[in-house]
Amino acid sequence: MRIIVPLQGIVQGRGGLILGSLIPCALLYFLQFYLKRNRSSPPPHSPSESSANLPELAEIPRSTSRSTLSTRGSLRPVPVSSRAIAISKSRDSAYYTGLKKSLEDPYHPTYNPDGIIQLGLAENQLSLDIIGDWITANLQKSLLGEMRGDLNIRGLATYEPFDGLWDLKVAMAGFMSQIMGGSVSFNPAQIILTAGATPAVEALSFCLADPGNAFLVPSPYYPGFDRDIKLRTGVELIPVQCRSSNKFNLSIAALEREYKQAKKRGIKVRAVLFTNPSNPVGGLMHRETLYDLLNFVTEKNLHLISDEVYAGSIYGTEEFVSIAELLDTEDFDKNRVHIIYGLSKDLSLPGFRVGVIYSYNENVIAAASKLARFCAISLPTQCLLVSMLSDTKFIEEYIKANRERLGKMYALFTEGLKQLDIECCKSSGGFYCWADMSKFLQSYGVKGELELWENILNVAKVNITPGSSCHCIEPGWFRCCFTTLTESDIPLVMKRFSKVLKGHKAS
Amino acid sequence: MANIFGLEAPLSKMAISNAHGEDSPYFAGWKAYNEDPYDAKKNPSGVIQMGLAENQVSFDLLENYLEEHPEAYSWSSGPSSFRENALFQDYHGLQSFRKAIAGFMEKIRSHRAKFDPERIVLTAGATAANELLTFILADPGDALLVPTPYYPGFDRDLQWRTRVSIVPIPCHSTNSFQLTLQSLETAYADAEASNLRVKALLITNPSNPLGISSPRTLLEDILDFISKKNIHLISDEIYSGSVFDATDFVSIAEIAEERSHISSEKIHIVYSLSKDLGLPGFRVGALYSYNDRVVKTARRMSSFSLVSSQTQKTLSFMLSDEEFSLKFIETNRMRLKERHSCVVKELRDSGIECLKGNAGLFCWVNLGEFLEKKNREEELKLWKVILDEVKLNISPGSSCHCSEAGWFRVCFANMSKETLEVALRRLREFSEKIRGRRRSPNGEICT
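Because the structure is a prediction, the values reported are computed rather than measured.

Considerations on helix H9 (residues 216–229) of chain B
All names here are of chain B. For H9, which comprises 14 residues, the first-to-last C-alpha distance of 20 Å matches the rise-based estimate of 20 Å (1.5 Å per residue) to within 8%. Within the span of H9, buried status applies to Leu218, Leu219, Ile222, Leu223, Phe225, Ile226 and Ser227. Asn230 lies just past H9 and shows a positive phi near 55 degrees.

Right under this line is the structure:
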């Protein structure tokens with residue numbers, strides 16, 4: 001181990017005896033300390049590492065063949081970017097921790113009956129069989145035939161557009177119209193296809209805001225937005241609190257207040273981002289509120305992003321109204337409106353990675369279509385979906401059956417909670433209910449909420465999402481997804497809940 | 001209520017900048033092709049696309065395989081297999097697929113390096129992998145060193161959203177455009193002098209557009225350099241399967257294994273199935289890092305560019321087929337070598353010099369003698385003439401930031417043999433026209 005130590009002064013006799021002995025000792029000490037730190041010991045295991053809906057594998061073992069130190073080169077660990085450091089160190093919320101834990105000890109009726117029941121994942125498993133059946137009946141024709149044709153004509157001979165095959169855009173436009181009730185039509189030329197709604201939201205954010213700018217987001221909101229939007233774009237999210245007293249509906253007055261606050265703090269707000277049907281509450285936005293929102297963004301010269309990924313997953317008597325409907329009938333500047341969509345929720349195909357940016361702004365379309373190169377949809381998947389989405393009869397049947405199953409499960413689940421004295425905010429869409437467990441908190445606050453959440457996770461062995469992960473300002477609300485359950489699971493879930501809740505009644 | 005102020009909600013700086021680089025001739029040529037594409041029967045005088053580095057020579061092998069093995073793409077093992085696959089959005093990716101890719105990469109390198117599937121992060125294409133690595137290794141305002149000439153897409157992939165700058169390292173024809181330690185040192189010093197913090201060196205090996213792989217001695221020098229400067233090395237090896245003679249290619253992976261763990265932590269490899277398998281539309285890229293933190297971070301960030309679980313399943317099946325993968329790699333290599341030889345010979349007979357290459361889907365061709373003056377304007381004029389009159393889209397060296405005018409990248413693997421012959425014939429006629437020579441009309445070109 002060759003060490004170059006600046007001892008020139010000491011060696012030459014300058015600095016005196018004390019320094020002459022002190023400095024080499026100090027240097028030697030620091031060197032030993034440094035070498036110790038860099039010997040091959042695995043990094044401390046980060047317990048909070050996870051990502052939405054994703055399991056964590058065991059820590060990567062360091063390869064022993066590379067543990068010997070080199071005689072050449074720097075001993076300093078090579079730096080990574082501040083963005084990388086942020087993602088490594090981020091103290092993940094209960095949302096991610098809960099997901100991770102349930103994947104380590106998943107419930108199974110036969111193999112692991114005491115495992116954790118996963119109610120923190122907004123995945124719809126209720127109607128996958130219908131899709132599976134269609135695939136079995138149609139795959140050969142739809143995939144290989146189309147694929148060969150497409151690969152020869154489009155994929156290889158010409159430069160394939162990253163923002164998606166035209167045929168898929170056409171099919172998607174039709175599908176979006178169909179699944180949203182048929183009261184509005186979509187133009188394929190305004191569609192950018194991306195590998196999921198996650199990159200769609202990010203790419204759109206890159207187009208609408210500079211680092212340091214902000215979006216106003218009605219809260220509680222989807223925990224994933226914090227990662228999806230903030231991480232690489234540098235855009236901030238400002239929650240606009242909604243209240244149980246108002247059924248967690250958005251109040252324009254609250255929006256105004258947050259906008260003014262941001263302005264005072266010198267933060268440039270660029271857009272309002274809302275999810276409709278909402279996540280985690282599951283409410284549908286009223287036509288009047290949409291209208292007020294359009295007025296608001298027009299007045300403040302902002303963009304409006306409507307995340308409509310759950311548009312087809314409604315089950316109540318209320319009908320879904322897309323922001324697109326208002327643009328059809330009212331005279332607003334369309335250039336400020338953008339819609340996010342995808343097939344992960346409404347068609348239960350999160351693995352296939354299919355998302356949509358729908359914009360009325362041609363500059364946004366131009367920029368986003370170039371960004372699609374970083375997140376393009378795989379060709380075989382596109383081919384499969386062209387067939388599936390064009391089968392409007394199948395889609396009609398699917399929508400009907402899925403709505404029924406969602407509605408049924410919602411009713412059964414919320415009834416079960418009611419028996420436990422837990423009321424839910426009325427939902428009309430999404431895969432979850434928004435449950436009020438505040439009366440069970442030992443202390444009314446985030447701490448009390450997280451204690452209850454931990455008990456439910458560790459003792460009742462059920463994973464649900466606490467409102468604080470969703471930036472809800474009122475403690476005690478929890479999101480419970482019911483679409484990964486079968487009807488027979490519900491009594492078990494309620495029994496598990498009651499185990500913990502009995503001992504948790506606030507005094 | 002109409003917008004009474006007539007104000008337009010502003011877009012971001014990124015959206016309105018042209019850092020996407022798509023206004024360059026590299027992309028303009030594609031547009032011309034799309035508007036007037038060659039077809040042997042329907043449009044025999046159309047533009048032949050020679051600006052697209054795609055690999056079509058072995059597509060029949062893939063087609064046959066999928067026909068013979070429908071299990072690869074169908075969910076035949078029951079409804080639960082479809083269900084699982086449809087719901088699978090884990091950013092770790094399918095383990096069987098990572099294993100298959102690791103194995104494939106090892107076969108390409110004749111097992112001279114080992115790849116740990118746990119170090120593979122899947123992304124939707126190498127484009128996403130390169131951008132992802134840049135986000136992880138550099139902050140806005142930092143810089144990456146990249147030897148020229150380089151793939152035009154880097155300007156966009158490495159700089160656009162990341163706000164990181166490329167510092168080009170000019171390379172010259174005097175030594176076949178090979179990177180030297182001297183030029184590395186100079187470029188690094190220049191960057192420092194301009195107050196730019198260099199965070200990494202990115203090399204493409206084999207090189208695009210040169211079509212040459214880096215010799216071992218150069219790679220060792222590079223590793224010493226990055227060690228000394230404490231910067232990262234990104235080795236983009238997406239053309240590794242197209243090295244004509246397997247023994248020619250030395251991957252950074254081979255040398256990384258010889259180095260200490262501290263040095264190798266600076267090394268990251270980018271791979272993709274777009275070039276070697278000829279499946280650009282499938283969007284399969286991979287990032288391989290010897291640095292645990294980078295792997296972890298990249299995995300999380302890959303949420304923005306995951307590979308379709310359907311595609312993972314299909315390709316995992318295919319690439320896990322040892323016999324098929326080996327046969328594919330060998331056959332593909334051989335066919336590319338044949339094409340390359342044919343193109344080089346024909347160009348030579350036309351009096352056009354190619355850089356001596358040993359890999360890739362293209363030739364780096366010197367048309368300098370056709371220029372009135374050796375500068376960028378004249379090069380672009382020539383490019384336009386070849387596009388509009390000869391009806392060939394080839395890529396001008398200036399779009400690859402080449403320091404010398406007159407060089408062009410000519411792709412030969414993205415078309416049928418017959419189309420290639422037509423293209424080469426046109427090029428020969430053009431060359432002769434410029435030189436004032438005549439040629440017998442019946443000569444066969446490539447047999």
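Anyway, onward from the coordinates.
As for the packing of helix H4 (residues 94–104) of chain A against helix H15 (residues 446–458) of chain A
Residue and element names in this part refer to chain A. Contact geometry for H4 and H15: axes closest at 11 Å, N-to-C directions at 10 degrees. Looking at the two axes, H4 sits roughly parallel to H15. In contact with Ala94, Thr97, Gly98 and Lys101 of H4, H15 contributes Leu450, Trp453, Leu457 and Asn458.

With respect to the sheet that holds strand E9 (residues 353–354) of chain B
All names here are of chain B. Here 4 strands make up an open sheet; going across it, the order is E9-E10-E13-E12 and the pairing antiparallel. Pairing within the sheet leaves two strands with one partner each, and these edge strands are E9 and strand E12 (395–396). Relative to strand E13 (residues 407–411), strand E10 (residues 362–366) runs antiparallel, the two being bridged by 5 bridges. In the strand pairing of E13, Val365 is matched with Phe408. Its contacts with the sheet place helix H14 (residues 322–349) against E9 and E10, and it is angled at close to 15 degrees to E10.

Here we look at the pairing of strand E13 (residues 477–481) of chain A
Remark: a regular strand shows side chains that alternate across the two faces of the sheet. Residues and elements named next belong to chain A. Counted residue by residue, E13 has 5 buried out of 5 residues, so it is predominantly covered. Across the two faces of E13 the burial is the same, with Trp477, Arg479 and Cys481 and Phe478 and Cys480 all buried. Pairing between strand E10 (residues 432–436) and E13: 5 bridges, direction antiparallel. What sits directly across from Asp436, in E13, is Trp477. For strand E12 (residues 465–466) and E13, the ladder comprises 2 bridges, and the chain directions are antiparallel.

Quick word on the packing of aromatic side chains
Counted by the stated rule, this structure contains 34 aromatic pairs over all chains. Taking 5.3 Å as the distance between ring centres and 80 degrees as the angle between the ring planes, the aromatic pair formed by Trp75 of chain B and Phe82 of chain B counts as edge-to-face. An aromatic cluster of three or more residues is present, and its members are Tyr315, Tyr410, Phe413 and Phe482 of chain A.

So, the sheet that holds E12 of chain A
Hydrogen bonds between backbone atoms are what pair the strands of a sheet, whose relative direction is either parallel or antiparallel. Residues and elements named next belong to chain A. If you trace the 4 strands from one edge of the open sheet to the other, you get E9-E10-E13-E12, paired in antiparallel fashion. In this open sheet, the two edge strands, each paired with only one partner strand, are strand E9 (423–425) and E12. Contacts from helix H14 (residues 392–419) reach E9, E10 and E13 within the one sheet, and its direction differs from that of E10 by about 15 degrees.

Some thoughts on the nonpolar core
If you look at the biggest cluster of nonpolar residues, it comprises 153 residues, and the most contacted ones within it are Phe413, Met437, Ile464 and Phe497 of chain A. Here this core gets 8 residues from one element, more than from any other, and that element is helix H7 (residues 197–208) of chain A. In this structure, Phe175, Val272 and Tyr360 of chain A together with Ile226 of chain B belong to the second largest nonpolar core, which totals 152 residues.

Brief notes about the pairing of strand E7 (residues 267–272) of chain B
Residue and element names in this part refer to chain B. Summarising burial for E7: 6 of the 6 residues are buried, a large majority. Across the two faces of E7 the burial is the same, with Ile267, Ile269 and Tyr271 and His268, Val270 and Ser272 all buried. Bridge analysis of E7 against strand E8 (residues 285–289) gives 5 bridges, and the strand direction is antiparallel. Within E8, the residue paired with Val270 across the bridge is Leu287.

Here we look at the confidence of the model for chain B
All names here are of chain B. For chain B, per-residue confidence averages 92 on the pLDDT scale, and residues scoring 70 or more make up 95% of the total. The low-confidence segment residues 1–5, where pLDDT is below 50, has 8 contacts with residues more than four positions distant or belonging to other chains. ipTM for the predicted complex: 0.94, alongside a pTM of 0.89.

Here we look at the environment of Phe175 of chain A
Residue and element names in this part refer to chain A. Within the secondary structure layout, Phe175 lies in helix H6 (residues 166–179). On the accessibility criterion, Phe175 (0% relative accessible area) is buried. Along the backbone, Phe175 and Ser468 are 293 residues apart, and their C-alpha atoms lie at a distance of 35 Å. Excluding anything up to four places from it in sequence, Phe175 contacts Tyr341, Leu343, Leu347, Leu389 and Ile395.

Quick notes on unusual backbone geometry
That bond from Asn279 of chain A to Pro280 of chain A is cis: its omega, 15 degrees, falls within 30 degrees of zero. Tracing the backbone through its elements, the reader meets Pro280 of chain A in the loop between strand E5 (269–275) and helix H10 (287–300). Note that the residue after Asn208 of chain B, namely Pro209 of chain B, is joined by a cis bond; omega there is 20 degrees. You will see that Arg353 of chain A, though not glycine, has its phi angle at about 60 degrees, which is positive. Relative to the helices and strands, Arg353 of chain A resides in the loop between strand E7 (337–342) and strand E8 (355–359). Even without a glycine there, the phi angle at His401 of chain B is positive, about 60 degrees.

Quick notes on the rules
Residues numbered from 1 in each chain as written. Chains lettered and ligands numbered in written order. Predicted model: local features only at pLDDT ≥ 70, side-chain atom pairs only at ≥ 80, totals over all residues. Heavy atoms only, no water. Helix = DSSP H or I, 4+ residues; strand = E, 2+ residues; numbered from the N terminus. Expected span 1.5 Å × (residues − 1). Buried < 20%, exposed > 50% of the residue type's maximum accessible area, 1.4 Å probe, protein only. Axes fitted to C-alpha atoms, helices over the stretch in contact; angles between N-to-C directions. Parallel < 35°, antiparallel > 145°, perpendicular 65-115°, else oblique. Contact = heavy atoms within 4.5 Å. Pairing = 2+ DSSP bridges. Phe/Tyr/Trp six-rings, centres within 6.5 Å; stacked < 30°, edge-to-face > 60°. Core = buried A, V, L, I, M, F, W, Y, C linked by side-chain atoms within 4.5 Å. pLDDT = per-residue confidence, 0-100.

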